[in-house]
Amino acid sequence: MSNVLTQLADELASGSVRVIDLTQPLGPETPVIGLPPQFAPSPGVTFDEISRYDDHGPAWYWNTLTMGEHTGTHFDAPIHWITGRDLPDNACDTIPPSKLIGPACVIDKSRESEADHDYLLTPTCIEQWEAEHGRIPIGAWVLLRSDWNKRVGADSFINADDNGPHSPGPTKEAAELLAHDRKVLGFGTETIGTDAGQAGTFDPPFPNHTIMHGAGKFGLASLCNLDLLPPTGAIVIAAPLKLVGGSGSPLRVLALRLGQE
Ligand code: 23J
Ligand code: MN
């Protein structure tokens, strides 16, 4: 019998559907977000060896892993932000699994982000993208391509000066359009967080976190390979660890796309 899933299996096997890895490597070199010094910092990745085919475990190798929930390529759950703290099903373990997969809309602002490191995605930009590619469907991941993942080294990725970090992100109005009007699953970026580098100075501070999570929407940060996705037509699989009460989680983000286009 042929159906959409048998056809998917065939096309995955033949390579006519490709799997694109949207995930950065996760290790001690993974940069972590820098917040103003009055706030508690989030620890980066530490591997502590439990055993390595030695006296601690003669036939096995394994590590203890320590890190903040929001490290590297990671998922933001609504409970992460105060605006989402009382919503139903707002944590990593209670989000329904049907929300962990959805179509991708990729908005390419790589040139704009290179020309202006504080580039902000506005409702006008989103509507221009829709005029070309069609309306963002309900339940989509909207992914902002900035090519930020192509920056070499943590300093260039975080891109801080005396005024703090500089990287692109959405305006408050863009987040409102996506969350309330387009009813997206969430918003994803290639930068260290889903808000712009300077968003701590915005009104409200961190408007994307404030609005998206207040509306029960998700975030994906430190994605890569968005340049390998078409503007529409790819499917994103983004399933965080089922951390009990977890506010977010590192994860492997995969996209399915047609190969020949
Ligand atoms: C805490 C405070 C501000 C921000 C963040 C976390 C993140 O970006 C995050 O990883 O969720 S902007
Ligand atoms: Mn986060």
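On a predicted model such as this, the values are computed, not experimentally measured, just so you know. (Residues numbered from 1 in each chain as written. Chains lettered and ligands numbered in written order. Predicted model: local features only at pLDDT ≥ 70, side-chain atom pairs only at ≥ 80, totals over all residues. Heavy atoms only, no water.)

Caption draft 1: Fine view of the overall build of the protein chain. Looking only at helices and strands, one finds six helices and 15 strands in the protein chain. A compact globule built from 261 residues would reach a C-alpha radius of gyration of about 18 Å, and the protein chain, at 19 Å, matches this within 12%. Taking the principal axes of the C-alpha coordinates as reference, the protein chain spans close to 65 × 60 × 40 Å. Expressed as a percentage of its 261 residues, the buried residues of the protein chain come to 45%. (Helix = DSSP H or I, 4+ residues; strand = E, 2+ residues; numbered from the N terminus. Rg over C-alpha atoms; globule rule 2.2 N^0.38 Å. Buried < 20%, exposed > 50% of the residue type's maximum accessible area, 1.4 Å probe, protein only.)

Caption draft 2: Structural view of the nonpolar core. Core analysis: the biggest nonpolar cluster contains 23 residues, and Leu 22, Phe 75, Trp 141, Leu 143, Leu 229 and Val 236 have the highest contact counts within it. Elements supplying a minimum of two residues to this core: strand E5 (101-108), strand E7 (141-145), strand E12 (218-221), strand E13 (235-238) and strand E15 (253-258). Excluding anything up to four places from it in sequence, Val 236 contacts Leu 22, Leu 100, Ile 101, Gly 102, Ala 104, Trp 141, Leu 143, Val 253, Leu 254 and Ala 255. Among the nonpolar cores identified, the runner-up in size contains 20 residues, and Tyr 119, Leu 144, Leu 178 and Phe 187 belong to it. (Core = buried A, V, L, I, M, F, W, Y, C linked by side-chain atoms within 4.5 Å. Contact = heavy atoms within 4.5 Å.)

Caption draft 3: Molecular detail of unusual backbone geometry. The omega torsion of the bond from Asp 203 to Pro 204 falls at -5°, within 30 degrees of zero and hence cis. For Tyr 53, which is not a glycine, the phi torsion comes out positive at approximately 50°. Tracing the chain through its elements places Tyr 53 in strand E2 (residues 46-54). Residue classification places Tyr 53 among the exposed residues on the basis of a relative accessible area of 53%.

Caption draft 4: Inspection of the sheet that holds E13 at higher detail. Read from one edge to the other, the open sheet built from nine strands follows the order E1-E15-E13-E5-E7-E11-E12-E4-E14, with strand pairing classed as mixed. Every interior strand has two partners, whereas the edge strands, strand E1 (17-21) and strand E14 (248-250), have only one. Averaged over all pairs of adjacent strands, the angle between strand axes in this sheet comes to 25°, irrespective of strand direction. Both strand E11 (residues 186-189) and E12 contribute to a ladder of three bridges, which runs parallel. (Pairing = 2+ DSSP bridges. Axes fitted to C-alpha atoms, helices over the stretch in contact; angles between N-to-C directions.)

Caption draft 5: Structural view of the environment of Cys 224. Checked against the element boundaries, Cys 224 lands in the loop between E12 and E13. Cys 224 gets classed as buried once you look at its relative accessible area, which sits at 7%. In sequence terms Cys 224 and Asp 89 are 135 residues apart; their C-alpha atoms lie 28 Å from each other. If sequence neighbours within four positions are ignored, Cys 224 has contacts with Asp 21, Leu 22, Thr 23, Gln 24, Asn 149 and Glu 190.

Caption draft 6: Highlighting the site of ligand 1. Taken together, Ile 33, Leu 35, His 70, His 74, Asp 76, His 80, Trp 81, Gly 193, Phe 206 and His 209 are the residues near ligand 1. Within the side chain of His 74, a nitrogen or oxygen atom sits 3.1 Å from an oxygen atom of ligand 1. Take Asp 76: an N or O atom from its side chain is 3.4 Å from an oxygen atom of ligand 1. When the free accessible area of ligand 1 is taken as 320 Å², the share hidden by the protein chains comes to 88%. The residue inventory of the shell around ligand 1, partitioned by class, reads four nonpolar, five polar and one charged. (Near = heavy atom within 4 Å. Polar contact = N/O pair within 3.5 Å; in protein donor to acceptor, adjacent residues only side chain to side chain. Areas by Shrake-Rupley, 256 points an atom, 1.4 Å probe, with all protein chains shown as cover. Nonpolar A, V, L, I, M, F, W, Y, C, P; charged D, E, K, R; others polar.)

Caption draft 7: The packing of aromatic side chains, seen in detail. Across all of its chains, the model carries four aromatic pairs by this definition. Considering the side-chain rings of Phe 75 and Phe 218, the 5.0 Å spacing of their centres and the 40° angle between planes classify their relative orientation as tilted. Highlighted residues: Phe 75 in strand E4 (residues 74-76) and Phe 218 in strand E12, separated in sequence by 143 residues. The pair Phe 75 / Phe 218 is uniform in exposure class, with both members buried. Measuring from centroid to centroid gives 6.4 Å for Trp 141 and Phe 218, while their planes differ by 45°, and the two rings are tilted. A residue pair is termed long-range when its members are at least 10 positions apart, and Trp 141 in strand E7 and Phe 218 in strand E12 qualify at 77 residues. Summarising the burial analysis for this pair, Trp 141 and Phe 218 share the class buried. Sitting above the plane of the Tyr 61 ring, Arg 52 keeps its charged end 4.0 Å from the centroid. Sitting above the plane of the Trp 148 ring, Arg 151 keeps its charged end 4.0 Å from the centroid. (Phe/Tyr/Trp six-rings, centres within 6.5 Å; stacked < 30°, edge-to-face > 60°. Lys NZ or Arg CZ within 6 Å of the ring centre and 35° of its normal.)

Caption draft 8: Quick look at a negative patch on the surface. Together, Asp 116, Asp 118, Asp 161 and Asp 162 make up a negatively charged patch on the protein surface. Among the structural elements, Asp 161 can be located in strand E8 (residues 160-161). (Patch = residues over 30% accessible without salt bridge, like charges linked within 9 Å, V, L, I, M, F, W, Y side chains within 5 Å. Salt bridge = Lys/Arg side-chain N within 4 Å of Asp/Glu carboxyl O. Lys, Arg positive; Asp, Glu negative; His and termini not counted. Charge placed at Lys NZ, Arg CZ, Asp CG, Glu CD.)

Caption draft 9: Inspection of the packing of helix H5 (residues 172-181) against helix H6 (residues 207-214) at higher detail. Running from amino to carboxyl end, H5 crosses H6 at an angle of 15°, the nearest separation of the two axes being 9 Å. By the angle between their axes, H5 is roughly parallel relative to H6. For the pair H5 and H6, the sense of crossing is right-handed. On H6, the residues that touch Lys 172, Ala 175, Glu 176, Leu 178, Ala 179 and His 180 of H5 are Pro 207, Asn 208, Ile 211 and Met 212. For the contact of H5 with H6, the class distribution of residues is six nonpolar, two polar and two charged. (Parallel < 35°, antiparallel > 145°, perpendicular 65-115°, else oblique. Left-handed = near helix turned anticlockwise from the far one by under 90°.)

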